[in-house]
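# Survey of secondary and tertiary structure
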Amino acid sequence: ALSVYDGQEHGLFMEKLDVRIRNHDREIEKMCNHHFQGFVDSITELLKVRGEAQKLKSQVIETNNRLQDDGKELIGSMEELKRCRVQQRNIATTIDKLTHCLPVLEMYSRLQEQMKAKRYYPALRTLEQLEQTCLPRAGQYRFCSIMAENIPKLRTQIRDTAMTQLRDFLESIRKHSDKIGETAIKQVNKHKHTQNKDKVNNRRVLSQSSHVPGAQDLVDFSPVYRCLHIYTVLGLRDTFENYYRKQRRKQARLVLQPHSNMHETLEGYRRYFNQIVGFFVVEDHVLHTTQGLVNRAYVEELWELALSKIVAALRTHSSYCDDPDLVLDLKNLIVLFADTLQGYGFPVSQLFDMLLEMREQYGEILLKRWNVTFRQVLDQDNFSPIPVSTEQQYRHYTSQFPLQDPELEKLPFPKKFPFSEFVPKVYCQIKEFIYACLKYSEDLHLRYTTVCVLFLLEFCPPLSTQFENPNIPCTKLVQVIINTTHLEQSCHFLEEFISNITNVPPDTVNATKLYGTSTFKDARHAAEAEIYTNLNAKIDQFLQLADYNWLAAEQRVGTPLTASDYLIDLIAFLNSTFAVFTNLPGKVAQTACMSTCKHISTSLMQLLIDPEIRQISMGALQQLSADVKECESFARAGPVAGFQGDTLLLAFSDLRQLLDLFTQWDWSTYLADYGKPTCRYLRVNPNTALALLEKMKEMSRKNNVFNFRKMDRDKQKLIDTVIKQLRNLIAGLR
């Protein structure tokens, strides 16, 4: 068709189209003419039918009217039925919806009641059921949407409220730790007393549970359980556990920090221990009732921290204490504290180790107190044997000190004990000291008896300090030796005493006897040494009175010489002194006497060789020889018993041989026999002899300045000859 428009054939196309239209019109006309008769017949038949149709219409209208009249009642009934069916369906639908909504409302109402009653864990369970079951079934209602929107808020409210209650709980247990610990310790103490009573009565003691009943009842732990359950339901259990442990660690640091003045009173220590016990009683209870809120590793770690701080605090604060009663009370408190925590399964060996350290301190404090007591006893003693005139007095002292002396028993009254009041008083104080020491060992399960007595005997009464006075009389020193000897002999009685009061076999305290014996022996030896020193000092005082004329003229042969006055007084003093040595142990008196004689001999020898004395005459040597004879007479008379033969004379043998050598002028014998065991002058040292000869030479030289007698000149030559020979002898010995 487009090609027609594009070309020049438009007119031709329109002509052909008109021809086509005319052809179709002719065909239509033919067809209409062909069917016209049928159409006319149909119209005729239709006209016939119209009358019938009109009749039918009238009948139908009549029938319809009649039917309408008859159906109005039915239609009314049907409408009523329809309305009832709709109502019934609505009611069923409403019932169904209410069936799903009522549980939601009821559950929400229950939730409100639980929240109001602060039953938060059931409230969380209700929220969970409401959210996961009831609300999805109820449908999309506004109140359901509001409820759904409120559920997270309610969970947050419950979580925050539970945390608030937990904080209140933590604050409560912080305040009640003291009371909880006090209750736990009291119950352990009561249990121990019951056990001790049952042991005394020989009754069987049943073991109790490690948990002390009643201590945890002072605190309501429900906030912990509730908060734990709530956080568990919320999926925040780890958060809760971390928070709880962190807060409890903070509280532990506060509990373990002692007050600065804790050491001043026992009550300060008691409060400190009560708080610690209360803290760990709570943790132990939480450990066993919460299934993992705290575990054993956490509690043990916390206890290790606490134990180190407790021991450090006790070491620091106990070091300030100087009252043994307070130390003893503290020890008992620590034992009770340790027993309480040990009952809960906490290791407490470090506490008992620290108690051993405190035992040292306790012993030192006791020693300071008893040293004062010993000092008072020592200062008040008269250092005289105790006189007794009646049997009652005698028994009084023997009950205080275990003296076993059959000879003294037989003597009639009045009589005297060999020791002074110091001995029974000190012995009684030693027993009191032992009692005080043993008090510390109670409940420590230690064999402490040896240690306590070693303490005692190591720091025995400071007897040696009494000897510092150079003017102390020998009678007092003698009495001190007698006293210490009896105390030394009483050590085995102390051993038996300790064994009896501790029920410990004696073989475990053998070291006590040895140590005690050694200690008293040391004190006795100090007194003995002081006697020797004292006697020597007295001798020196007498020797200071010696006034020898070193230039005295030589006495004629046969002329008697008397001892010097100072020496006679010295011998009289020694005789009176040694007379009181009768009660001393034999060796002490013998040693003192021998020491005295040696000191006299040595002192006289020192006079001879004193370099300040440049000239000595034969007359002076003769006088000195007379004094030595007086000393030898004293030694020969036996001032103390026990010496065999002339043993005491040996103290003067050096001086005697030297004086005999000079007074008898027996140089030929000395020089000929020197070095031989049979030499008469075996004890004469050639250097000493040479020094003395030179002093005599100096004396002879001055006398011969204006003396022209041949005899004196010959004597001078003889002295020179002997000096030369002595020098040759000495040179040969080098």
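Here we summarise the structure given alongside this text. (Residues numbered from 1 in each chain as written. Predicted model: local features only at pLDDT ≥ 70, side-chain atom pairs only at ≥ 80, totals over all residues. Heavy atoms only, no water.)

### Description of the environment of Asn 295
Mapping Asn 295 onto the fold places it in the loop between helix H7 (266-289) and helix H8 (296-318). The exposure class of Asn 295 is partly exposed, given its relative accessible area of 33%. Placed twelve residues apart in sequence, Asn 295 and Glu 283 show a C-alpha to C-alpha distance of 9.6 Å. With near-sequence residues (within four places) excluded, Asn 295 lies in contact with Arg 245 and Leu 287. Looking at Asn 295, its side chain comes within polar contact range of the main-chain nitrogen of Tyr 298, at 2.7 Å. (Helix = DSSP H or I, 4+ residues; strand = E, 2+ residues; numbered from the N terminus. Buried < 20%, exposed > 50% of the residue type's maximum accessible area, 1.4 Å probe, protein only. Contact = heavy atoms within 4.5 Å. Polar contact = N/O pair within 3.5 Å; in protein donor to acceptor, adjacent residues only side chain to side chain.)

### Observations regarding the nonpolar core
Residues Ile 310 and Leu 608 are the most contacted members of the largest nonpolar core, which totals 189 residues. Top element by residues in this core is helix H4 (residues 142-200). It accounts for 15 residues. Dropping the residues within four chain positions of it, Leu 608 is found in contact with Trp 550, Ile 616, Leu 621, Leu 624, Leu 655, Leu 658, Leu 659, Leu 692 and Lys 695. (Core = buried A, V, L, I, M, F, W, Y, C linked by side-chain atoms within 4.5 Å.)

### Topic: the packing of aromatic side chains
Any two aromatic rings considered together are summarised by their centre-to-centre distance and by the angle between their planes. Across all of its chains, the model carries 29 aromatic pairs by this definition. Summarising the aromatic geometry, the rings of Phe 280 and Phe 346 are spaced 5.3 Å apart at their centres and angled 70 degrees between planes, so their arrangement reads as edge-to-face. Of this pair, Phe 280 sits in helix H7 while Phe 346 sits in the loop between helix H9 (324-343) and helix H10 (349-380); the two residues are 66 residues apart in sequence, bridging distant segments of the chain. A relative accessible area of 3% means that Phe 346 is categorised as buried. Of the aromatic side chains, those joined through ring pairs into one cluster are Tyr 394, Tyr 397, Phe 401, Phe 413, Phe 417, Phe 419 and Tyr 427. The ring of Tyr 394 has Lys 415 lying over it, and the distance from NZ or CZ to the ring centre is 4.4 Å. Across the ring face of Phe 497, the terminal group of Lys 431 is positioned such that the distance to the ring centre comes to 5.0 Å. (Phe/Tyr/Trp six-rings, centres within 6.5 Å; stacked < 30°, edge-to-face > 60°. Lys NZ or Arg CZ within 6 Å of the ring centre and 35° of its normal.)

### Focus on the pattern of salt bridges
Under the counting rule described, the total for this entry stands at 21 salt bridges. Arg 395 is the partner of Glu 391 in a salt bridge, and the nearest nitrogen-oxygen pair spans 2.6 Å. One end of the pair is Glu 391 and the other is Arg 395, both in helix H11 (residues 391-400) and four residues apart, which spans about a single turn. Where Asp 660 meets Arg 656, a salt bridge forms, and the shortest distance between an N and an O atom there is 3.0 Å. Highlighted residues: Asp 660 and Arg 656, both in helix H21 (residues 653-663), separated by four residues, approximately one helical turn. Salt bridges here are not isolated pairs; linked through shared partners, they connect Glu 171, Arg 174 and Lys 175. (Salt bridge = Lys/Arg side-chain N within 4 Å of Asp/Glu carboxyl O.)

### Digging into the side chain of Thr 688
As for its position among the elements, Thr 688 is in helix H23 (residues 686-703). Ignoring sequence-local partners within four residues, the contact set of Thr 688 consists of Met 605, Ile 609 and Leu 658.

### Focus: the side chain of Arg 656
Classification of Arg 656 as buried rests on a relative accessible area of 11%. A distance of 3.1 Å separates a polar atom in the side chain of Arg 656 from a polar atom in the side chain of Glu 632. Among residues more than four places away in sequence, those in contact with Arg 656 are Ser 625, Val 628, Lys 629 and Glu 632.

### Details of a positive patch on the surface
Where like charges cluster on the molecular surface, the positive patch consists of Lys 246, Lys 250, Arg 253 and Lys 309. Its place among the elements puts Lys 246 in helix H6 (residues 237-255). Given the relative accessible area of 48%, Lys 246 is considered partly exposed. (Patch = residues over 30% accessible without salt bridge, like charges linked within 9 Å, V, L, I, M, F, W, Y side chains within 5 Å. Areas by Shrake-Rupley, 256 points an atom, 1.4 Å probe, with all protein chains shown as cover. Lys, Arg positive; Asp, Glu negative; His and termini not counted. Charge placed at Lys NZ, Arg CZ, Asp CG, Glu CD.)

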